[in-house]
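# Understanding the architecture of this molecule
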Amino acid sequence: MINVPECSVVVITYNDAARLARAVRSVLRQSLRNVEVIIADDASTDDTERVARRLQRKDPRVRYLRGEVNSGGCGVPRNRGVAAARAPYVMFLDSDDELTRHACKSMLLEIERTGADFVTGQIARLYERTGKTARYYPALFARRRTVEGIAREPEMFLDSFSTNKFYRAELLRRVPFPEDMHYEDHVFSTALYCAARRFAVVPWVVYLWHRASAESEARPSISLSLTEMANVRSRIRAARLSDDILRDNGLGDLVHERQRRFVRQDLRVYLNPLPSRDPAWIEEFVSVVRPYLAELDPVVFETIDPLIRVCCSYTLDGRPGELLVAARSLNGPKAPPRVAVREGGRTYWGTVADERREITSLRMAELPYSASRLRHEAVVTGEGSLIRLAITTYDPFGVLAATPGWNAFLRFKNHRVRLRPRERDGDGGYLSEATIDLAAIRHGRLGFEDRYDPVVEIVNPDGRVTSDRLLVDPSTATFGTTILWHQVVVKAEGNAAFLRVLWRRTGPLRQLPRLKRAGTALLRRVGGPRVKLRVYKGLISVLPPRGDLALFESDVGAGYTGNPRYIYEELRRRGTPLKVVWSVVENRGDFPPGVRLVRRMSWRHVWTMARAGYWVDSHGMPLAYPKPPGTRYLQTWHGQGIKSVGFDAPDLRADFDGPRATWRAAVERWDALISPSAEFERVFVPSNGYRGRLLRHGSPRCDVLVHGDREAARRARERLEIPHWSRVLLYAPTYRDRAKGSGQSVRADLTAMAEALSNDWTVILRTHPVERFEVPEHLRHFVRQAGSYPEVNDLILLSDALLTDYSSLMCDYAVTGRPMLFLIDDWDEYRRVERGVYHDLPAIAPGPCLTTTEELIEVLRDLDRWTEAFAARYIAFRKTWCADEKGHAAARVVDAFFEPSRPRVPARVPRVGDVRERVVAGARHPSRSPLPGRPR
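If you're wondering where the values come from, they're calculated on a predicted model, not measured in any experiment. (Residues numbered from 1 in each chain as written. Predicted model: local features only at pLDDT ≥ 70, side-chain atom pairs only at ≥ 80, totals over all residues. Heavy atoms only, no water.)

### Quick look at the overall build of the protein
When helices and strands are counted, the protein shows 31 helices and 37 strands. In terms of overall dimensions, the protein is globule-like: its C-alpha atoms have a radius of gyration of 33 Å, near the 30 Å expected for 936 residues. Its C-alpha atoms put the protein at 100 × 75 × 70 Å along the principal axes. Out of the 936 residues belonging to the protein, those deemed buried represent 56%. Across the protein, the fraction of contacts at a sequence separation of at least 24, relative to all contacts at a separation of at least 6, is 70%. Total accessible area computed for the protein in this model is approximately 40,800 Å², and 49% of it derives from carbon and sulfur atoms. With 145 positive and 117 negative side-chain charges, the protein shows a separation of 7 Å between the mean positions of the two kinds. (Helix = DSSP H or I, 4+ residues; strand = E, 2+ residues; numbered from the N terminus. Rg over C-alpha atoms; globule rule 2.2 N^0.38 Å. Buried < 20%, exposed > 50% of the residue type's maximum accessible area, 1.4 Å probe, protein only. Contact = heavy atoms within 4.5 Å. Areas by Shrake-Rupley, 256 points an atom, 1.4 Å probe, with all protein chains shown as cover. Lys, Arg positive; Asp, Glu negative; His and termini not counted. Charge placed at Lys NZ, Arg CZ, Asp CG, Glu CD.)

### Examining the nonpolar core
Membership of the largest hydrophobic core comes to 117 residues, with the highest contact counts inside it found for Val263, Phe285, Leu389, Leu410, Phe412 and Leu438. Sorting elements by how many residues they give to this core places helix α10 (residues 279–295) first, with eight residues. For leucine 410, the residues in contact, after removing those within four places along its chain, are Leu389, Ile391, His415, Arg416, Val417, Leu419, Ala434, Ile436, Val455, Val456 and Leu470. (Core = buried A, V, L, I, M, F, W, Y, C linked by side-chain atoms within 4.5 Å.)

### Notes on the sheet that holds strand β34 (residues 783–785)
Read across the open sheet, the six strands follow the order β34-β33-β32-β35-β36-β37; overall the sheet is parallel. Bordering the open sheet on either side are β34 and β37 (849–850), each of which pairs with just one other strand. (Pairing = 2+ DSSP bridges.)

### Section: helix α18 (residues 657–668)
Taking 1.5 Å of rise per residue, twelve residues should cover 16 Å, and α18 covers 16 Å from first to last C-alpha, within 8% of that figure. Residues of α18 that are buried: Arg660, Trp663, Ala666 and Val667. The arc that holds every buried residue of α18, seen down its axis, measures 125 degrees, which confines them to one face. More than 90 degrees from the buried face of α18, the exposed residues found are Asp657 and Glu668. (Expected span 1.5 Å × (residues − 1). Arc of directions from axis to C-beta.)

### Describing the packing of aromatic side chains
In the structure shown here, the tally under the stated rule is 43 aromatic pairs. Both rings, one in phenylalanine 92 and one in tyrosine 167, keep their centres 5.6 Å apart while their planes meet at 65 degrees; by these two values the pair is edge-to-face. Residue phenylalanine 92 is found in strand β4 (residues 89–94), and its partner tyrosine 167 is found in strand β9 (residues 165–168); the two are separated by 75 residues along the sequence. Tyrosine 167 carries the same exposure label as phenylalanine 92, and that label is buried. For the ring pair tryptophan 615 and tyrosine 633, a centre distance of 5.4 Å and an interplane angle of 75 degrees mean the geometry is edge-to-face. With a gap of 18 residues between them, tryptophan 615 in strand β28 (residues 612–617) and tyrosine 633 in strand β29 (residues 632–635) connect regions that are remote in the sequence. We classify tyrosine 633 as buried; its relative accessible area is 0%. Three or more aromatic residues joined by ring pairs make a cluster, and in this case those are Phe92, Phe118, Phe157, Tyr167, Phe177, Phe188, Tyr193 and Phe199. Stacked on the ring of phenylalanine 92, the Lys or Arg arginine 78 has its end atom at 5.9 Å from the ring centre. Across the ring face of tryptophan 603, the terminal group of lysine 532 is positioned such that the distance to the ring centre comes to 5.7 Å. (Phe/Tyr/Trp six-rings, centres within 6.5 Å; stacked < 30°, edge-to-face > 60°. Lys NZ or Arg CZ within 6 Å of the ring centre and 35° of its normal.)

### Considering unusual backbone geometry
Phi at lysine 334 takes a positive value of approximately 50 degrees, unusual for a residue other than glycine. As for its position among the elements, lysine 334 is in the loop between α12 (320–327) and β11 (340–343). In this structure, tryptophan 485 takes a positive phi of about 65 degrees despite not being glycine. The topology assignment puts tryptophan 485 in the loop between β22 (479–482) and β23 (486–493). Among the residues examined, tryptophan 485 registers a relative accessible area of 51% and is labelled exposed.

### Some thoughts on the pattern of salt bridges
All told, the structure shown has 78 salt bridges when counted by the stated rule. Note that arginine 264 and glutamate 155 form a salt bridge whose closest N and O atoms lie 3.0 Å from each other. One end of the pair, arginine 264, is in helix α8 (residues 255–266); the other, glutamate 155, is in the loop between β8 (145–147) and β9, with 109 residues separating them in the sequence. With relative accessibility at 27%, the residue arginine 264 sits in the partly exposed group. A salt bridge links glutamate 718 to arginine 714, with the shortest nitrogen-to-oxygen separation between them at 2.7 Å. (Salt bridge = Lys/Arg side-chain N within 4 Å of Asp/Glu carboxyl O.)

### Describing the side chain of aspartate 812
With respect to the helices and strands, the residue aspartate 812 is situated in helix α24 (residues 809–813). A residue is classified by how much of its surface remains accessible, and aspartate 812, at 6% relative accessible area, is buried. Here the side chain of aspartate 812 touches arginine 701 through a polar contact of 2.6 Å, side chain to side chain. If near-sequence neighbours (up to four positions away) are discounted, aspartate 812 is found in contact with Arg701, Cys702 and Leu705. (Polar contact = N/O pair within 3.5 Å; in protein donor to acceptor, adjacent residues only side chain to side chain.)

### Description of the sheet that holds β29
Pairing in this open sheet of seven strands is parallel, and the strands run β27-β26-β25-β28-β29-β30-β31 from one edge to the other. Looking at which strands have only one partner, the edges of the open sheet turn out to be β27 (596–599) and β31 (693–695). When the angles between neighbouring strand axes are averaged without regard to direction, this sheet yields 25 degrees. Contacts from helix α19 (residues 678–688) reach β30 (672–674) and β31 within the one sheet, and its direction differs from that of β30 by about 130 degrees. Against the sheet, helix α30 (residues 889–898) contacts β25 (546–553), β28, β29, β30 and β31, and its axis sits at roughly 155 degrees relative to β29. (Axes fitted to C-alpha atoms, helices over the stretch in contact; angles between N-to-C directions.)

### A look at the confidence of the model for the protein
Counting all residues, the mean pLDDT for the protein is 91, and 94% of those residues have values of 70 or more. Scored below 50 in pLDDT, residues 903–921 shows 37 contacts in the model against residues more than four places distant or in partner chains. Low pLDDT, under 50, characterises residues 923–936; the stretch is placed with 41 contacts to residues that sit more than four places away or in other chains. (pLDDT = per-residue confidence, 0-100.)

### Thoughts on the packing of helix α6 (residues 184–195) against helix α7 (residues 229–248)
Viewed as axis vectors pointing N to C, α6 and α7 meet at an angle of 15 degrees, and their least axial separation amounts to 8 Å. Taken together, the axes of α6 and α7 are roughly parallel relative to one another. Every pair of crossing elements has a handedness; the one defined by α6 and α7 is right-handed. Within the contact between the two elements, α6 uses His186, Val187, Thr190, Ala191 and Cys194 and α7 uses Arg235, Ala238, Leu241, Ser242, Ile245 and Leu246. (Parallel < 35°, antiparallel > 145°, perpendicular 65-115°, else oblique. Left-handed = near helix turned anticlockwise from the far one by under 90°.)

As structure tokens, then:
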């Protein structure tokens, strides 16, 4: 190499010939081409030297350094590499890992842009067995930023890796690695943070940390050799040295922040697998860790995970048995304690109200029944096909005591056995026994190949069910049997050790997956989309549609809801002699009895589309299917509002002929379109190029919002287990087009809301169907996830206020006259580069537009005042979008489209004074809402 490299990457290795080449290639393939690779071999005894020299011969950018004696750690080879580096910047790489392709170049640009002493980037664990990745502490790297010293962000102590950083070489020569210890990274990083006046953080992944599968023959790294007590001692030694470095550099006030890292991260890596250790190991672990924990300032434990704090308290008290019970709740089912105490509104793990074991923030004691937590510990034995279980059930929060008449069942997949628990003396637990014959379990005629975790179900008298998995002894022997061409294995799974059953086909059944794949391929050829479309076109060319047959669909077959539902119910109420078939994506349980269903895009569905004299849907029948001659198509649509739609929406506004032509042809099939308002007609019709008939009668789905439905509100409250005393906030954010399924639409800080409002409010979270968001367990006492609730109108009728952002639901909700709030912290991005809008929401919103959760909380605490302040704007909003909602839209649509000869239903037009009264009264007296659908 003639030119001075821009970056030197030091690859340390020891006896890792199999993986060294992969690591080096990840450097040689960098988009920053002017790099050098320094292989620092710590005296390997395998083929590492041969591999390294071959790499050196192939590429002049590779240099090889070999130590004569193994140092036993990583510090010596890293320091040796730094001493040999020719570039002004240095990175480190372990031989079992990789750099991402643009790591060097992107961080070189960042360090030169910011003038930082080093740049740190995101690490991603790469699990080799599955190929999946997981980011390490992603919250630390969520923002691209420059930090003026560690005192500004002591949370960065969690980032103690040396391999995800891009350094100035002169800094490394001032801050060398310790050479006589393991976990030298921790000590080095502490010294680095003390020496750096400024460092930069980038949010992209720069380092792939390979995690080999358990069965891999690869030598485990030092950080994964967790079964050795010497490993524990080395980590504690590194922690003490790090504390001393901070004190020696005048940063003693940050010691507790670095110690918090030890408790959150370093200690956790031993606690996670602790349930699988033998009692002697656990006792020794307690004796080794306890002295260092005793040195920590109590403030260290205040903000850590409550269960980690519980484990620390039992370690400090020298109680390894209780530590083991608590550690089993860190992972897997995250089981509750065996016993808990509630005093003064607070919850404590164990038998006494010790503040070190407070777990109130987990909210386990405040969950609704169906989410409540019980702990089931089982002793499992197996003989042949029989599994015998002795199950001890603990009820730490008094759920069973407060629910007389409950019944218990043990469920193995689809096999259910009644349990007869009896109370145990002394500890409040219940003992049950059961025998399961695996040979009696049937999984279909073609067998079964999968796994499942047996659960105990507790059913209360009203039919609600709470269930939890079975914890078993980690040392439980794995056993198996052969049953009807299946190999069945029963084992303890994971660090928490819960019961798992695995079924594998054997014998002739092993060929089923291959035969199934072949059959699927054959079906695609003879019955795939193209074949179905050709058959369909042939059918509509020779068969006339049936005037007594209608095909209905809502939300692309998602369920029984929206405008189609209410039109269908009006037809049924009148006894119209029309056979209606509903298209669904699968057999859905939310349809009323007697409704005819057809699976969407099945052959029967194709036949029904071809024969139906009427099509009614809320989104769009399959786009490629032309409407049969003589069929009448009613497009009801599914909302109106401020968002761009049709050819103005992101998926169609790009000038690509294919998608635009397809949608244009789909719109041309419509014979009539429901227009809920003049504003909808002004925006939606031209945006979609529609030129057909408009039914200007309001939205059928809003009729129930005008008239109310007390039973629907009661049903929703009961189904979602919302206390009768609680006010209800419906939170319905829309999705973000550029982040569908990411969960980013849920922008309110639900944890902060729970802390401030849970005594008065319950939140119903109604995310968009394309969104993916799971409510954390510690919030389920306050938040009810209702994305799959079958009918949004029930939620509207139950709620006291709406929180949304840009969702079209705002226009339906305005019919109720109840308060609306808008959390629009990304307004500028949404209107300019995300979806695009037709209206300036902050200028027209019928409620306060907010940008922080703190503002939202303050508004909810004084909702009456805010509602009165926005009453005039609310009236204007209703006039724009709800003027035609008079409560008879379904009847008028049926009159106009299905029975044009019938007289139309008269409707009363509400006066402006009526509207103002509804708006203000709904806010002042939510329990006495002017809508008859409100519960009293």
